[in-house]
Amino acid sequence: AKAEERTIDETAKPLLKLSLEEGIETVWDRFEQQQPPCRFCASGVSCNRCAMGPCRIIPEHNRLRGVCGADADLIVARNLLDMIATGAAAHSDHGREIVETLHKTATGEAAGYMISDPGKLRRIAGEYGIDGAGRDDLSVAADVSLAMLEEYGTIKNEICFTRRAPDATRQVWDEAGIMPRSVDREIVEAMHRVQMGVGADYANILVHGLRTSLGDGWGGSLMATDTSDILFGTPDLNTSHVNLAVLKDDRVNIALHGHNPVLSEMVVRAAGEPEMLDLAREAGADGINLVGLCCTGNELLMRKGIPQAGNHLNQELIIATGALEVMIIDYQCIFPSLPRTASCYHTRIVSTSPKSRVPGSLYFPFYPESALETAREIVRLGIEAFPERDPARVLIPGQPVEAMTGFSVEAIGRHFGGFSPLVDAIAEGSVLGVAGVVGCNNPKVRHDEGHVTLTRELIRRGILVAETGCAAIAAGKAGLLRPEAADMAAPGLANVCRAFGIPPVLHMGSCVDCSRILVLAAGLAREIGVGIHRLPIAGAAPEWYSQKAVSIASYFVASGVYTVLGVMPKITGSPAVVDLLTRGLDGLVHATFAVEPDPVRAADLIEAHIKEKRSGLGI
Ligand code: BF8
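Along each chain, numbering runs from 1 in the same order as the chain's sequence is written. Under the rules for a predicted model, residues below a pLDDT of 70 receive no local features and side-chain atom pairs below 80 are neither given nor counted, while totals for whole chains, interfaces and linings still include all residues. Values reported for side chains reflect all heavy atoms of the structure, with hydrogen atoms and water molecules removed beforehand.

## Here we look at the coordination of the nickel atom of the ligand
As a benchmark, a tetrahedral metal site with four donors has ideal angles of 109.5 degrees, while an octahedral site with six donors has ideal angles of 90 or 180 degrees.
Item 1. Just one protein atom coordinates the nickel atom of the ligand, and that atom is Cys511 (SG), at 2.2 Å.
Item 2. A donor here means any N, O or S atom no more than 2.8 Å from the metal (3.2 Å for Na, K and Ca); water is not included, so a site may seem to lack partners. Geometry assignment treats four donors as tetrahedral when all angles are between 85 and 135 degrees, treats four as square planar and six as octahedral when opposite donors are over 155 degrees apart and all others between 65 and 115, and treats everything else as irregular. Coordination geometry of the nickel atom of the ligand: the 4 donor atoms subtend angles of 88 to 156° at the metal centre, consistent with an arrangement described as irregular.
Item 3. Put simply, DSSP marks the helices as runs of H or I at least four residues long and the strands as runs of E at least two long, and each gets a number from the N terminus on. Within the secondary structure, cysteine 511 sits in the loop between β13 (505-507) and α22 (514-528).

Okay, structure coming up:
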């Protein structure tokens, strides 16, 4: 397909064109090579879990059960539970590493780190019942981090942060039997349940998926968010730039890609040291330019205003600019083939995580104890690569777009003066409701089109949009994170935005920061005095691909938030599973999933849902 058919990102198009001309393979080429996909796998009715198989359900050939006896419903449900557990594990293990870093900071083992938001540390200490009076921050941090580590898996019956949810929502969880007991426990039980011969009831298996996802949203992800805030600062409103044009042709360009801010924060510090600037000048550059990609990029954008180069499907194209010296990767959403792409250029791929080794990359193992020194080594590597850049091959297309970000729940509260002005605006109808638009890119959808079209449609209808992950980056590239984007919103929403000087689309952070959306929803629900399921809010993931996104969508729904997916999950082989997820869950958690690939129709669904919830509240 032509570049224009693959993306709506104007800075991506010339690079995609170049990749097609020069034969630089991208995700879109591999996607086309993989067509047509196996129709059994696509509908979820293939099972490759045990050695009696692999099996496929083919009703027209009378193959109705796998060798073990599992029918289509069970196979689809087990496959979906596997996806949820994988996603929950990815978020939560990332969270654990940050909590461990907080603990090492408290004990003095990780000397480069510090407590950047002591107020938040002490608020959380209060939630755990830890007495901080008369004690210094580090000693409080030691207790808080140990309490958080216990959330992962000792003998417990609930995760502390689930208490942030309103009572009515907690009651729904209790009655449904899905109150998460501990983060790891639910994930391990999910893995147990996908072993052959553990349960044959598809509904019971899927309900455990909801419980596992709640352990992610209100547990692992929320700890990742809050601990990152304690260590690196809680985001506040700031203005920066987005798209591939944030690269600079006269600087050493270093991209930070992945998810975990523990290393990238140190790279920011190292790159700002005067000796590094001197070294860069000696190498012929005007300085060092750090840019972000994906969610590590979102973490840095939110807290430090570091420019954001792009989202998931931009990760190969940034190399094709010919102007990237180093791409530092940690983990998650990183194409395994990046070193192949980089081999066409002078770009170095630097892997940093012992659990995410990538052949063809340079490996600089990163540990909190020696973080700053490792960061310095990597920055020096970038400086050394600069003279190898071939200026004739440099293509940095277009201009960066301005974006206002930093909308943590704390920043929103401060900026609005508490939740009540937002609740008032919703009650009087100037803001119709709130929608969380989140998740990835997927080559099944024209890059960014799902996110941008849906977001435009929602604000046009007066719905305030909260975004995270690659969705937020897409919005930024499209100019929707500028306060002037209020001009594209319905008059009531536009007035609210202008009064507060904000855009109608709030960038709330990385994917683990979808937990911020939960906390915001909980805050609004408490303000009104209802469960989350009664709020005029909705979720959407127009271009999702990742298991992590499945976990997010599941904890949105389990928390009472109707959620519309733009890409069909692999469940259509079981009409019973489809019916449970799109209708039956309403009886359990008062929310359901919907699937709608057309973003305008998805906006119709969300608007109708929000109006229904408004009338339920009598507003
Ligand atoms: O965790 S939105 S493609 S980068 S999975 Fe990945 Fe999806 Fe992007 Fe962030 Ni989230």
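Let us keep going from here.
## Quick notes on the packing of helix α5 (residues 72-107) against helix α24 (residues 575-584)
Packed helix pairs are characterised by how far apart their axes lie and by the angle those axes make with each other.
Item 1. Packing of α5 against α24 leaves a shortest axis separation of 8 Å and a crossing angle of 50°. Viewed along their axes, α5 and α24 adopt a mutual orientation that is oblique. On α24, the residues that touch Asp73, Val76, Ala77 and Leu80 of α5 are Ala576, Val577 and Leu581.
Item 2. Under the scheme applied here, ten amino acids are nonpolar (Ala, Val, Leu, Ile, Met, Phe, Trp, Tyr, Cys and Pro), four are charged (Asp, Glu, Lys and Arg), and all others, including Gly, are polar. Looking at side-chain class alone, the contact of α5 with α24 contains 6 nonpolar, no polar and 1 charged residues. Convention adopted: a line fitted to C-alpha atoms gives each axis, helices being fitted over their contacting stretch, and angles between N-to-C directions are expressed from 0 to 180 degrees. Oblique is the label for any angle not covered by the other classes, which are roughly parallel (under 35 degrees), roughly antiparallel (over 145) and roughly perpendicular (65 to 115). What makes two residues a contact is simply this: any of their non-hydrogen atoms within 4.5 Å.

## Digging into the domain arrangement of the protein chain
Item 1. Reported domain spans reflect what an automatic or database domain assignment gives. Examined at the domain level, the protein chain breaks down into domain 1 (3-61), domain 2 (72-232), domain 3 (244-393) and domain 4 (404-616).
Item 2. Here domain 1 and domain 4 have C-alpha centroids that lie 27 Å from each other.
Item 3. Contacts between domain 1 and domain 4 engage 14 residues on the former and 12 residues on the latter.
Item 4. Two parts lose some accessible area (1.4 Å probe) when they are put together, and adding that loss for both gives the buried area. Summed over both partners, the interface of domain 1 with domain 4 comes to about 1,000 Å²; 62% of that surface belongs to carbon and sulfur atoms.
Item 5. In terms of surface lost to domain 4, no three residues of domain 1 exceed Ile8, Phe31 and Ser43, which account for 44% of the buried area on that side.

## Looking at empty space enclosed by the protein
Item 1. In this analysis the probe radius is 1.4 Å and the grid spacing 1 Å, with only protein atoms considered; a cavity is a set of points the probe fits into but cannot get out of, a pocket is an open set with protein on both sides within 12 Å along at least five of seven lines, and lining residues have an atom within 4 Å of a point. Grid points are joined across faces, edges and corners, and a volume is the space filled by probe spheres set on the points. Tallied over the entire structure, the rule returns 6 cavities of 30 Å³ or more.
Item 2. Within this model, the largest cavity holds a volume of roughly 180 Å³.
Item 3. Taken together, 17 residues line the largest cavity, and the ones lying closest to its centre are Leu80, Val550, Leu565, Leu581 and Phe593.
Item 4. Elements with a minimum of two residues in the lining of the largest cavity: α5, α10 (202-232), α23 (547-558), α24 and β16 (593-595).
Item 5. No other element matches the 4 residues that α23 contributes to the lining of the largest cavity.

## Describing the environment of tyrosine 367
Item 1. Structurally, tyrosine 367 can be placed in the loop between β9 (362-363) and α16 (371-385).
Item 2. Throughout, exposure labels follow a simple rule: accessible area from a 1.4 Å probe, protein chains only, divided by the maximum for the residue type, with under 20% read as buried, over 50% as exposed, and the rest as partly exposed. We classify tyrosine 367 as partly exposed; its relative accessible area is 40%.
Item 3. In the structure, tyrosine 367 is positioned 266 residues away from threonine 101 in sequence and 9.1 Å away in space, judged by C-alpha atoms.

## Thoughts on the sheet that holds β16
Item 1. Spatial strand order, β13-β12-β11-β14-β15-β16: 6 strands in an open sheet with parallel pairing. Among the strands making up the open sheet, the edge pair consists of β13 and β16. Put simply, the sheet's adjacent strands are angled 25° from each other on average, direction ignored.
Item 2. Docked against the sheet, helix α26 (residues 599-616) engages β11 (433-437), β12 (463-467), β14 (537-541), β15 (563-565) and β16, running at close to 160° with respect to β14. Two strands are counted as paired when DSSP detects at least two bridges linking them.

## Structural notes on helix α11 (residues 261-271)
Item 1. Within α11, 10 of the 11 residues are buried, which leaves it mostly tucked inside the rest of the structure.
Item 2. Those residues of α11 not exposed but buried are Pro261, Val262, Leu263, Ser264, Glu265, Met266, Val267, Val268, Ala270 and Ala271.
Item 3. For α11, the N-terminal cap is asparagine 260; the gap from its side-chain oxygen to the backbone nitrogen of valine 262 is 2.9 Å. Throughout this description, a polar contact denotes any pair of N or O atoms lying within 3.5 Å of each other; where both atoms belong to protein, one of them has to be capable of donating a hydrogen while the other can accept it, and for residues adjacent in sequence the pair is counted only when both atoms sit in side chains.

## Topic: the environment of isoleucine 606
Item 1. Looking at where isoleucine 606 falls in the secondary structure, it is placed in helix α26.
Item 2. Sequence separation of isoleucine 606 and leucine 301 is 305 residues, and the distance between their C-alpha atoms is 29 Å.
Item 3. Filtering out sequence-adjacent residues up to four positions away, isoleucine 606 remains in contact with Ala435, Leu454, Leu458, Ile463, Ala538, Gly539, Ala540 and Val564.

## Some remarks on the pairing of strand β8 (residues 348-351)
Item 1. Strand direction decides the pairing type here: strand β7 (residues 326-329) and β8, joined by 4 bridges, are parallel. When the sheet's bridge partners are listed, methionine 327 is paired in β8 with isoleucine 349.
Item 2. Examined bridge by bridge, β8 and β9 share 2 bridges and lie parallel to one another. Pairing of valine 350 across the sheet is with leucine 362, part of β9.

## Description of the side chain of serine 221
Item 1. Residue position: serine 221 is located in helix α10.
Item 2. Polar contacts involving the side chain of serine 221 include one to the side chain of aspartate 216, which spans 2.6 Å.
Item 3. Setting aside residues no more than four positions away along its own chain, serine 221 makes contact with His91, Asp216, Val512, Ser515 and Tyr555.

## Description of the site of the ligand
Item 1. In these notes, residues near a molecule or strand are those with any non-hydrogen atom within 4 Å of it. With respect to spatial proximity, the complete set of residues near the ligand consists of His259, Cys294, Cys295, His312, Cys333, Gly439, Cys440, Cys470, Cys511, Tyr545, Ser546 and Lys548.
Item 2. Within the side chain of histidine 259, a nitrogen or oxygen atom sits 2.6 Å from an oxygen atom of the ligand.
Item 3. The contact in question runs from an oxygen atom of the ligand to an N or O atom on the side chain of lysine 548, over 3.0 Å.
Item 4. Looking at side-chain class alone, the shell around the ligand contains 7 nonpolar, 4 polar and 1 charged residues.
Item 5. Structurally, the shell around the ligand is a two-domain feature, drawing no fewer than three residues from each of domain 3 (244-393) and domain 4 (404-616).

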